[in-house]
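Chain and residue survey
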Amino acid sequence: MEFVKQQEGTRREEFSQLKEKYQATKYKSNSLSSPLYPILKKLELEQKLIDTEINWLKEEELIETITIAEEKEKTREFAALKVKYQATEYEDTSAKCHLYKVLKIIDSGNSLAEQDVNFLKKRKLLQTLKIANDQYANHLKAKIQMNKLITDSEIEWLQNNGREDIITFAQNKYFAALKRKYGLIDPTLPIEPFYTIMVKLEKKERLDSLLVVQLMEKDMLSREGKIAIAYYRLEAEFYEQEYKRTGNKWDIPTVSKFWRKANEPEQALKITNLDLSEIKDSKLKSAILVTRGAAFRDIDNLSDAEICAKKAIDCQSDSHQPYTLMGAICYDRYEYQKGDYWFEKAIKFGANSEDIDAEIKQVIRNEKNDDQRHEAAEYLLKKDSYRYAWAKAYLKKQQDKK
């Protein structure tokens, strides 16, 4: 009994000293069965506290004790990081020193800022710096493997650290993935400028004029395709924002045109749905009506398309665009002779015959009924076999089906 009392007294003394050491004296109980005693013993033995123990300290408002526990944990972590990143020659063991923050950044997989790089160089921790750079480079490579785009700042880091091999690897991998996404099957397609174009489209960035010209040279904007649709959608969004910013109503037909080319005629109808009586400029009114009528054509609403075309003629009878629209509507209805009448009027008022032919060609190409397409092709070839020689292809397709 005397021995047990002596042991208990020793533990109580130890408990009291630990409370003093770890600033837990506000906890009044000296019972050895208290949760505080084993917690303080763990701190003394340099062992990490678990969440339930931290939560108990919070409940007892032993904030100073928690702070000491956190500092001890940081010190242990700092020692482990110094070993992991070969910085053990650095003598300072306090987690408050700058090296601890640098090693934490490295361990998180992030790149070091210039001042942190200089910090390591100044203290001759070159092996630590090498490990950090290799680790970050591997992180970027893994990101690329998952087909995730690396940022401009990450590319700059690779360039500054002589890792152009990873940049090349990224470009080749992204280019292959982007070609699949945008439906480009040409194996001879050069990586530039098309890699730059597709990356910009992915980032929702508008293309500069040179890139647009290069797309035109490859005929990628004159025919339907995912690149063309993405480009036209960006342009539509840009000019729609410009219209909202400036209130310039001449942006309306431009926005509508780009939405139509992006295969979103509903958006074109939305932007052109306004009270035209408030617009005094007859040319602007006509332009809006023409593009609105064309959008109605896109959704096969030929009645409303015709109404818009006739109103546009009333607003500006000397413009070829409303007549071109009327001609296209008639062709949509298989009224070819009536359509030719309107197309001839369009040419009379300045329309280019090549543009008219392109409009007719598009009508025939978009026709879903094979018999009607065949009939239209026969009509055109009978009218001018040289001018409409392209229509022979549609006759051949019909014969092949038979």
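Nothing here was measured: the structure is a model prediction, and the numbers come from that model.

Turning next to the overall build of the chain. Of regular secondary structure, the chain possesses 21 helices and zero strands. Relative to the 2.2 N^0.38 estimate, which gives 21 Å for 402 residues, the radius of gyration of the chain is 37 Å and therefore markedly larger than a compact globule would have. Its C-alpha atoms give the chain principal-axis dimensions of about 125 × 50 × 45 Å. In the chain, which comprises 402 residues, the share counted as buried stands at 41%. When the accessible surface of the chain is split by element, carbon and sulfur atoms take 49% of a total near 23600 Å². Side chains of the chain give 70 positive and 68 negative charges; the mean places of these two sets differ by 1 Å.

Further remarks concern the pattern of salt bridges. Inspection of the entire model under this criterion finds 26 salt bridges. Across the pair R12 and E8 runs a salt bridge whose closest N-O atoms are separated by 2.9 Å. Taken together, the residues R12 and E8, both in helix α1 (residues 2-21) and four residues apart, mark about one turn of the helix. The closest approach of N and O atoms between K338 and E335, which form a salt bridge, is 3.9 Å. Residue classification places K338 among the partly exposed residues on the basis of a relative accessible area of 46%. Here E335 falls in the partly exposed class, since its relative accessible area comes to 29%. One salt-bridge network, in which partners are shared between bridges, spans E46, K72, E73 and R76.

This paragraph deals with helix α10 (residues 191-202). Compared with an ideal rise of 1.5 Å per residue, which puts 12 residues at 16 Å, α10 spans 16 Å between its outermost C-alpha atoms and is within 8% of the ideal. Buried residues of α10: P193, F194, Y195, I197, M198, V199 and L201, and no others. Residues of α10 that are buried make contact with α9 (164-181), α11 (209-217) and α12 (226-246). K204 sits one or two residues past α10 and shows a positive phi near 60°.

Attention now moves to the nonpolar core. Among the nonpolar cores identified, the biggest contains 84 residues, and Y182, L201, L207, L215, I227, I360 and W390 are the most heavily contacted of them. Excluding anything up to four places from it in sequence, L201 contacts Y182, L207, I227, A230, Y231 and L234. Among the nonpolar cores identified, the runner-up in size contains 20 residues, and Y85, C97, L112 and L120 belong to it.

The subject of this paragraph is the side chain of K72. Summarising the element assignment, K72 is placed in helix α4 (residues 63-84). Judged by its relative accessible area of 16%, K72 is buried.

Next up on the list: the packing of aromatic side chains. In this structure the tally under the stated criterion is 17 aromatic pairs. Relative to W342, the ring of Y323 has its centre 6.0 Å away and its plane inclined at 20°; by these criteria the two rings are stacked. On the criterion of sequence distance, the pair formed by Y323 in helix α17 (residues 320-332) and W342 in helix α18 (residues 336-348) is long-range, its members being 19 residues apart. Residue Y323 shares its accessibility class with W342, and that shared class is buried. Classification of W342 by relative accessible area gives buried; the value is 17%. One aromatic cluster in this structure is built from Y231, Y232, F238, Y239 and F258. The positively charged end of R206 is found above the aromatic ring belonging to F238, 3.6 Å away from the centroid.

So, how was this worked out
- Residues numbered from 1 in each chain as written.
- Predicted model: local features only at pLDDT ≥ 70, side-chain atom pairs only at ≥ 80, totals over all residues.
- Heavy atoms only, no water.
- Helix = DSSP H or I, 4+ residues; strand = E, 2+ residues; numbered from the N terminus.
- Rg over C-alpha atoms; globule rule 2.2 N^0.38 Å.
- Buried < 20%, exposed > 50% of the residue type's maximum accessible area, 1.4 Å probe, protein only.
- Areas by Shrake-Rupley, 256 points an atom, 1.4 Å probe, with all protein chains shown as cover.
- Lys, Arg positive; Asp, Glu negative; His and termini not counted.
- Charge placed at Lys NZ, Arg CZ, Asp CG, Glu CD.
- Salt bridge = Lys/Arg side-chain N within 4 Å of Asp/Glu carboxyl O.
- Expected span 1.5 Å × (residues − 1).
- Contact = heavy atoms within 4.5 Å.
- Core = buried A, V, L, I, M, F, W, Y, C linked by side-chain atoms within 4.5 Å.
- Phe/Tyr/Trp six-rings, centres within 6.5 Å; stacked < 30°, edge-to-face > 60°.
- Lys NZ or Arg CZ within 6 Å of the ring centre and 35° of its normal.

These results come straight from atomic positions and should not be treated as a statement about function.
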